[in-house]
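As a plain string of letters, each chain reads:
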Amino acid sequence: MGRNSASVPSTVVWSPEFLTYRLGATHPMNPVRLELAMALAEQLGALGEAERITPVRAGERDILRVHTVAYMGAVKHMSDPDAANRRETPILARAHGLGTDDTPIFPRMHDAAAIVTGGSLDAAREIHHRRATRAVSIAGGMHHAMPDHGAGFCVYNDCAIAIDWLLEQGHKRIVYIDVDVHHGDGVQRAFYDDPRVMTISLHQHPATLWPGTGWPAEAGQGKAEGTSINLPLLPGTSDEFWLRAFHAVVPGAVRAFGPDIIVSQCGVDSHRDDPLADLALTVDGQRAAFAAMRELADEVCEGRWLAVGGGGYSLHSVVPRSWAHLIGLITGSEIDPAAATPLEWQQLVRDRTRLEAPTTMGDGGEASFPPWGGSVVGTTTGPASRERDIARVDSAILETRRVVYPLLGLDPDDPRD
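This is a predicted model, so every value here is computed, not measured. (Residues numbered from 1 in each chain as written. Predicted model: local features only at pLDDT ≥ 70, side-chain atom pairs only at ≥ 80, totals over all residues. Heavy atoms only, no water.)

S.K.: Mind laying out the layout of surface pockets, listing which residues take part and the relevant values?
M.R.: Its boundaries defined by the atoms lining it, the largest pocket holds a volume of some 220 Å³. Surrounding the largest pocket, 19 residues form its lining, G152, F153, H182, L276 and Y313 being those nearest its centre. Tallied by class, the residues present in the lining of the largest pocket amount to nine nonpolar, eight polar and two charged. (1 Å grid on protein atoms, 1.4 Å probe; cavity = no way out; pocket = protein on both sides within 12 Å on 5 of 7 lines; lining within 4 Å. Points joined across faces, edges and corners; volume = space filled by probe spheres on them. Nonpolar A, V, L, I, M, F, W, Y, C, P; charged D, E, K, R; others polar.)

Listed below in structure tokens is the structure:
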């Protein structure tokens, strides 16, 4: 694991302006989740001695690293409060994936998306300029936005923009790890033919969940073949099997690639209580995933780790606790999953959501897992059983390893690789 985590310089990026990214009063991605996460982290001391910075909005040049001039212009047009009354607005919206139930038009959309993007860029700058070894901006993680259209609640793809900025600064190899329940399709597309960026996505199986991409065969193209890694998991996958899959695929691939920095999209809609998906992780399992990425960064790239948020729609319960754990892991001020949530925070949850807050920082989940043992796969059909569940996750592991591991010079059937 390398260094003493508490001694690592770290940065937390935050602005109340992040709360202006509000897609509508009834939209599942309500920014109250960010407010509650930061309040919980603050009250539990998870921000520690980290540098706290207020981001600036991403400028046009940075947005155009990933997005087209036409798309950015459309977003700006639709950000005008009077846009709804203009004849061309519905046409522009349809052409650019906006104005849908998923990604509706909202006031000052460009400014809100630009401050979210600016947060991720500023986190990248802190690490590049060696003011921090780790940095986090929980408002980021808009991984579905494409060059010319928005999608899946995402307007500008802050993840891809921050990675492109890091490449321009001279970083030779970057690993992007996406643990959101949905496939990180926009980031994969941005770097699908770029051998300098390895994208890794663990997500619910694309046959069962939007956006329907992220199959193991999507492995990159040209000189980048082998640098796009997808590990789809069946609905109902719980902590121990998700972690078994992560550790069977991700560390070996990352070590073989040898990145300068790890960028993580830390969506928490993989939780068993999330209303929009069907995986079955607990807060404890998600915390273990974040800790594994930190340990990997310590091992392979001198601790350089940039973390952003992402999905997560259990607004009052899962998102605040999981991302408070993430912040604590970034800063070295880790939170015990057995710790009680502060009474002041519980009252804030009631005030903001009219719901009862969780009383502890964990779900009593299991952060340990049985390590993958090799290429022998048992019976994947038949009555539900632990043996069948192991066989199913092992089948997914092996399918992904057999696509990409040989391209990385690794043995897909050997658990030591």
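Now, onward.
S.K.: So what about the pattern of salt bridges? Which residues, and what values?
M.R.: What the rule picks out here adds up to 26 salt bridges. For the salt bridge of K76 with E60, the shortest nitrogen-to-oxygen distance reads 2.2 Å. Separated by 16 residues along the polypeptide, K76 in helix α3 (residues 69-79) and E60 in helix α2 (residues 60-63) bring together distant segments of the chain. Across the pair R255 and E299 runs a salt bridge whose closest N-O atoms are separated by 2.7 Å. Linking R255 in helix α8 (residues 239-257) with E299 in helix α9 (residues 283-300), this pair joins segments that are 44 residues apart in sequence. On the accessibility criterion, R255 (46% relative accessible area) is partly exposed. Several salt bridges converge on common partners, so that one network encompasses R61, D62, R65, D122, R125, D164 and E168. (Salt bridge = Lys/Arg side-chain N within 4 Å of Asp/Glu carboxyl O. Helix = DSSP H or I, 4+ residues; strand = E, 2+ residues; numbered from the N terminus. Buried < 20%, exposed > 50% of the residue type's maximum accessible area, 1.4 Å probe, protein only.)

S.K.: How would you summarise empty space enclosed by the protein if you had to cite specific residues and measurements?
M.R.: Taken as a whole and judged by the stated rule, the model has two cavities of 30 Å³ or more. Contributing to the lining of the largest cavity are F18, Y21, M29, P31, R33, L34, V116, A139 and M142. Grouping the constituent residues of the lining of the largest cavity by class yields eight nonpolar, no polar and one charged. One number sums up the size of the second largest cavity: a volume of about 30 Å³. Around the second largest cavity, the lining residues are V179, W242, G267, S270, L281, Q286, A289 and F290.

S.K.: Hey, could you go over the state of the cysteines for me, with residue numbers and the actual values?
M.R.: A complete count under the given rule lists zero disulfides for this structure. With no disulfide of its own, C266 lies 9.6 Å from the sulfur of C159, the closest cysteine sulfur. Overall, C266 belongs to the buried group, its relative accessible area being 0%. (Disulfide = S-S within 2.5 Å.)

S.K.: For helix α6 (residues 158-168), give the residues involved together with the corresponding values.
M.R.: Counted residue by residue, α6 has nine buried out of 11 residues, so it is predominantly covered. Among the residues of α6, those classed as buried are D158, C159, A160, I161, A162, I163, W165, L166 and L167. Just downstream of α6 lies G170, where phi reads positive at about 110 degrees.

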